[in-house]
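Breakdown of the fold
Residues per chain, in single letters:
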Amino acid sequence: MSFDEEWASARSAAAGNARMRLAGAAGDGGGGGVDYKVTSPDLKAVGNDAQGLFHQFETDAFHAGANTGTAADTLSTDGFATGSALWAAWDTWRTQAETLLSACAHIHNHLEDTVVSHKNHEETLISNFSISEIDKHFT
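Residues numbered from 1 in each chain as written. Predicted model: local features only at pLDDT ≥ 70, side-chain atom pairs only at ≥ 80, totals over all residues. Heavy atoms only, no water.

1. Focus: the packing of aromatic side chains
Here is the rule: What counts as a ring pair is set by centres within 6.5 Å for rings of Phe, Tyr and Trp (its six-membered ring), and what kind of pair is set by the plane angle: stacked under 30 degrees, edge-to-face over 60, tilted for all other angles. In this text, helices come from DSSP runs of H or I with a minimum length of four residues, and strands from runs of E with a minimum of two, each type numbered from the N-terminal end. For each residue, the accessible area found with a 1.4 Å probe, counting protein chains only, is set against the maximum for its type, and the residue is called buried under 20%, exposed over 50%, and partly exposed in between.
The tally for this structure, following the rule as stated, stands at two aromatic pairs. Considering the side-chain rings of F57 and W93, the 5.9 Å spacing of their centres and the 65 degrees angle between planes classify their relative orientation as edge-to-face. Of this pair, F57 sits in helix α2 (residues 40–62) while W93 sits in helix α4 (residues 82–128), and the two are 36 residues apart along the sequence. Judged by its relative accessible area of 17%, F57 falls in the buried class. Here F62 and W90 contribute two aromatic rings whose centre-to-centre distance is 6.3 Å and whose plane-to-plane angle is 85 degrees, an arrangement assigned as edge-to-face. Taken together, the residues span a long stretch of sequence, with F62 in helix α2 and W90 in helix α4 at a distance of 28 residues.

Structure below.
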């Protein structure tokens, strides 16, 4: 089965599965029955996973950098074009790894901020709109 055939099959299966559609998606009619809910613990868990990936990948992604540089220099000095190709591969890897690390850090920081912000908003709403506070305005 080709990639295009497999992709078409996966898309068709997902389109038929109501759980795969988000609220308001095409064909949903925007009607009720939405059972998708995200809680602060959910956001915190995703943020923690992103942070864990960041720390593990930060260590693993660059451990071969010095050896790669030494090998590329040695190959280049010995007149092999492979040396510059190895440098190009390393540079591409490094750039992509740094992009992934940046994305993980951004996801973690954003979700942590979202959890704290949501908690603060909830506390404000509770204190500002408690029954006793509302009653003060009607007595």
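2. A look at the pattern of salt bridges
Spelled out, the test is: Salt bridge criterion: a side-chain nitrogen from Lys or Arg within 4 Å of a carboxyl oxygen from Asp or Glu.
Summed over the entire model, instances satisfying the criterion amount to three salt bridges. Of the charged contacts, one joins R94 and D91 as a salt bridge, the two residues approaching to 2.3 Å between their closest N and O atoms. With R94 and D91 both in helix α4 and three residues apart, the pair spans about one turn of that helix. Taking the relative accessible area as the measure of exposure, R94 reaches 26% and is therefore partly exposed. We classify D91 as partly exposed; its relative accessible area is 37%. Connected through shared salt-bridge partners, D91, R94 and E98 make up one network.

3. Looking at the environment of D42
The residue D42 is located in helix α2 in this model. A relative accessible area of 37% means that D42 is categorised as partly exposed. With 69 residues separating them in the primary sequence, D42 and L111 have C-alpha atoms 9.7 Å apart.

4. Here's the deal with the environment of D60
Mapped onto the fold, D60 is located in helix α2. As for D60 and A97, which are separated by 37 residues in sequence, their C-alpha atoms are 10.0 Å apart.

5. A word on the confidence of the model for the chain
Here is the rule we go by: The predictor attaches a confidence to each residue, called pLDDT, with possible values from 0 through 100. Any two residues whose heavy atoms approach within 4.5 Å are treated as being in contact.
This prediction gives the chain a mean pLDDT of 79; 78% of its residues lie at or above 70. In the model of the chain, helix α5 (residues 131–136) stands out as the element of lowest mean pLDDT, 70, in contrast to helix α3 (residues 65–77), which has the highest, 90. Note on residues 22–32: pLDDT is under 50 here. Beyond four places in sequence and across chains, it has seven contacts.

6. Topic: the packing of α3 against α4
Angle between the axes and distance between the axes are the two parameters that describe a pair of packed helices. The condition that has to hold: Note on geometry: axes are C-alpha line fits, over the in-contact stretch for helices, and angles between N-to-C directions span 0 to 180 degrees. With respect to orientation, any angle under 35 degrees is reported as roughly parallel, any angle over 145 as roughly antiparallel, any angle of 65 to 115 as roughly perpendicular, and every other angle as oblique. By definition, any crossing whose near helix is turned counterclockwise from its far helix by less than a right angle is left-handed, and any crossing with a clockwise turn is right-handed.
The interhelical angle for the contact between α3 and α4, taken along N-to-C directions, is 155 degrees, at an axis separation of 7 Å. Classified by the interaxial angle, the pair formed by α3 and α4 is roughly antiparallel. For the pair α3 and α4, the crossing hand works out as left-handed. Together, G65, T68, G69, A71, A72, D73, L75 and S76 of α3 and T82, G83, S84, L86, W87 and W90 of α4 make up the contact between the two elements.

7. Some thoughts on α4
The line we're drawing: Here, expected helix span is obtained from the residue count minus one, scaled by 1.5 Å.
Look at α4: 68 Å from first C-alpha to last across 47 residues, which is about the 69 Å you get at 1.5 Å a residue. Among the residues of α4, G83, W90, A97, L101, C104, H108, L111 and V115 are the ones counted as buried. The inward-facing, buried residues of α4 abut α2 and α3.

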